[in-house]
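# Working through the structure, step by step
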Amino acid sequence: MPYTASQSHRARSTLAGVLVLVGLTVSGCGAEDDAGQAPGAGPRPQAARSGKVTIVYEERTVPPEDRQVVTLIRDSRVLERTADWVNRTLTLPYDMVVKVTAEVPPGVTDAVTQPDGRTIYIPPSFLAQIEDSFADVVKTVKRPAPFPASQYNTDDLTVLATEFIFGHEMGHALQRQLLLANLGLEEDAADGFASFYT
Ligand SMILES: [Zn+2]
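All of the points below concern the structure found in this document. Since this is a predicted model, take the numbers as computed values, not measurements. (Residues numbered from 1 in each chain as written. Predicted model: local features only at pLDDT ≥ 70, side-chain atom pairs only at ≥ 80, totals over all residues. Heavy atoms only, no water.)

### Considerations on the packing of helix 3 (residues 78-89) against helix 6 (residues 186-197)
Threshold: Axes, fitted as lines to C-alpha atoms, cover a helix only where it is in contact. Angles between the N-to-C directions of the axes lie from 0 to 180 degrees. Helix and strand definitions follow DSSP, with helices as H or I runs of at least four residues and strands as E runs of at least two, each counted in order from the N terminus. Each angle is binned into one of four classes, with values under 35 degrees roughly parallel, values over 145 roughly antiparallel, values of 65 to 115 roughly perpendicular, and all other values oblique. We call two residues in contact whenever any of their non-hydrogen atoms come within 4.5 Å of each other. Residue type decides the class: Asp, Glu, Lys and Arg count as charged, Ala, Val, Leu, Ile, Met, Phe, Trp, Tyr, Cys and Pro as nonpolar, and the leftover types, Gly among them, as polar.
Contact geometry for helix 3 and helix 6: axes closest at 12 Å, N-to-C directions at 95°. Classified by the angle between their axes, helix 3 and helix 6 sit roughly perpendicular to one another. Of the residues in helix 6, those in contact with Arg81, Thr82 and Trp85 of helix 3 are Phe193, Phe196 and Tyr197. Classifying every residue of the contact of helix 3 with helix 6 by side-chain character gives four nonpolar, one polar and one charged.

In structure tokens:
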């Protein structure tokens, strides 16, 4: 935070992330200053147990106009896929909860990771923006040759973009929980994890 990227900028970034895997050039979501954080500083991870990533859909908060896209993402299990990979592969010092919810902290309009890396918010309205962008893309942008025709539709592109964006946020969350040293920009490192994971 703060979230200053315009929607059109976000939409272009989303497309870029999915189709050519260049980095999302979002501004803001990693703005917390962690400069000077020494590797290994802070609370030590508990050796006895690993924190777990859980995905929570707060359906009661989702406005009617966003229910269809939330159902699309939930049924795709794309968020669970990433969470399962982290749960199988990594030892986390703390639990992490990923909330698909309209009840977000003030000022949050897109996917965001809290500074402690223990909560990721994904607002339904943000998912709807992604879907709107790709509804436009499939009508106006010629399919890149390497991209399968069977997946060049609004639903599949929305799911794939959400996977990349969630991977970006997971990159932030892992850096913050594991107190990883950033040798460059945190946003680039988060994109790096998303590219690696997806
Ligand atoms: Zn970010």
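### Section: the pattern of salt bridges
To keep things clear, this is the line we draw: The term salt bridge refers to a pairing of a side-chain nitrogen on Lys or Arg with a carboxyl oxygen on Asp or Glu at a separation within 4 Å.
Applying the stated criterion across every chain yields a total of seven salt bridges. Linking Arg74 and Asp75 is a salt bridge whose minimum nitrogen-to-oxygen distance equals 3.7 Å. Three or more residues joined by partner-sharing salt bridges are found here, namely Glu59, Arg74 and Asp75.

### Focus: the sheet that holds strand 4 (residues 119-122)
Which entries qualify depends on this criterion: Two strands qualify as a pair provided DSSP detects at least 2 bridges between them.
Spatially, the four strands line up as an open sheet ordered 1-2-4-3, and their pairing is mixed. A single partner strand is all that each edge strand has here, and the edge strands are strand 1 (53-57) and strand 3 (112-113). Where strand 2 (residues 96-100) lies against strand 4, four bridges are found, and the strand directions are parallel. Its bridge partner being in strand 4, Val100 is matched across the sheet by Ile122. Its contacts with the sheet place helix 3 against strand 1, strand 2 and strand 4, and it is angled at close to 160° to strand 1.

### Looking at the environment of Asn87
Heads up, the rule is: Exposure categories follow from relative accessible area, calculated using a 1.4 Å probe and restricted to protein chains: below 20% of the type maximum is buried, above 50% is exposed, and the middle band is partly exposed. We call two N or O atoms a polar contact when they sit within 3.5 Å, provided that within protein one can donate a hydrogen and the other can accept it, with sequence-adjacent residues counted only if both atoms are side-chain atoms.
Looking at the secondary structure, you find Asn87 in helix 3. Here Asn87 falls in the buried class, since its relative accessible area comes to 18%. Contacts of Asn87, omitting those with residues within four sequence positions, involve Gly51, Lys52 and Val53. Within the local environment of Asn87, its side chain forms a polar contact with the backbone nitrogen of Val53, the two atoms lying 2.8 Å apart.

### Notes on unusual backbone geometry
Positioned with a positive phi, Arg77 is a non-glycine residue whose angle comes to about 60°. Among the secondary structure elements, Arg77 is positioned in the loop between helix 2 (67-76) and helix 3. One non-glycine residue, Leu179, adopts positive backbone phi at about 55°. As for its position among the elements, Leu179 is in the loop between helix 5 (154-178) and helix 6.

### Thoughts on the packing of aromatic side chains
Keep this limit in mind: Aromatic contacts are taken between Phe, Tyr and Trp rings whose centres are within 6.5 Å, Trp giving its six-membered ring; a plane angle under 30 degrees counts as stacked, one over 60 as edge-to-face, and the others as tilted.
Under the counting rule described, the total for this entry stands at six aromatic pairs. Taking the centre distance of 5.6 Å and the plane angle of 65° together, the rings of Trp85 and Tyr197 count as edge-to-face. Here Trp85 is found in helix 3, whereas its partner Tyr197 is found in helix 6, with 112 residues between them in sequence. Centre to centre, the rings of Phe193 and Tyr197 are 6.3 Å apart; their planes meet at 15°, and the pair counts as stacked.

### Points about helix 3
Under the convention used in this document: Multiplying 1.5 Å by the residue count of a helix minus one yields the expected span of that helix.
Here helix 3 is twelve residues long and its end C-alpha atoms lie 17 Å apart, about the 16 Å a rise of 1.5 Å per residue gives. Taken residue by residue, helix 3 has Val78, Leu79, Glu80, Thr82, Ala83, Val86 and Asn87 as its buried positions. Those residues of helix 3 that are buried lie in contact with strand 1, helix 2, strand 2, strand 4, helix 5 and helix 6.

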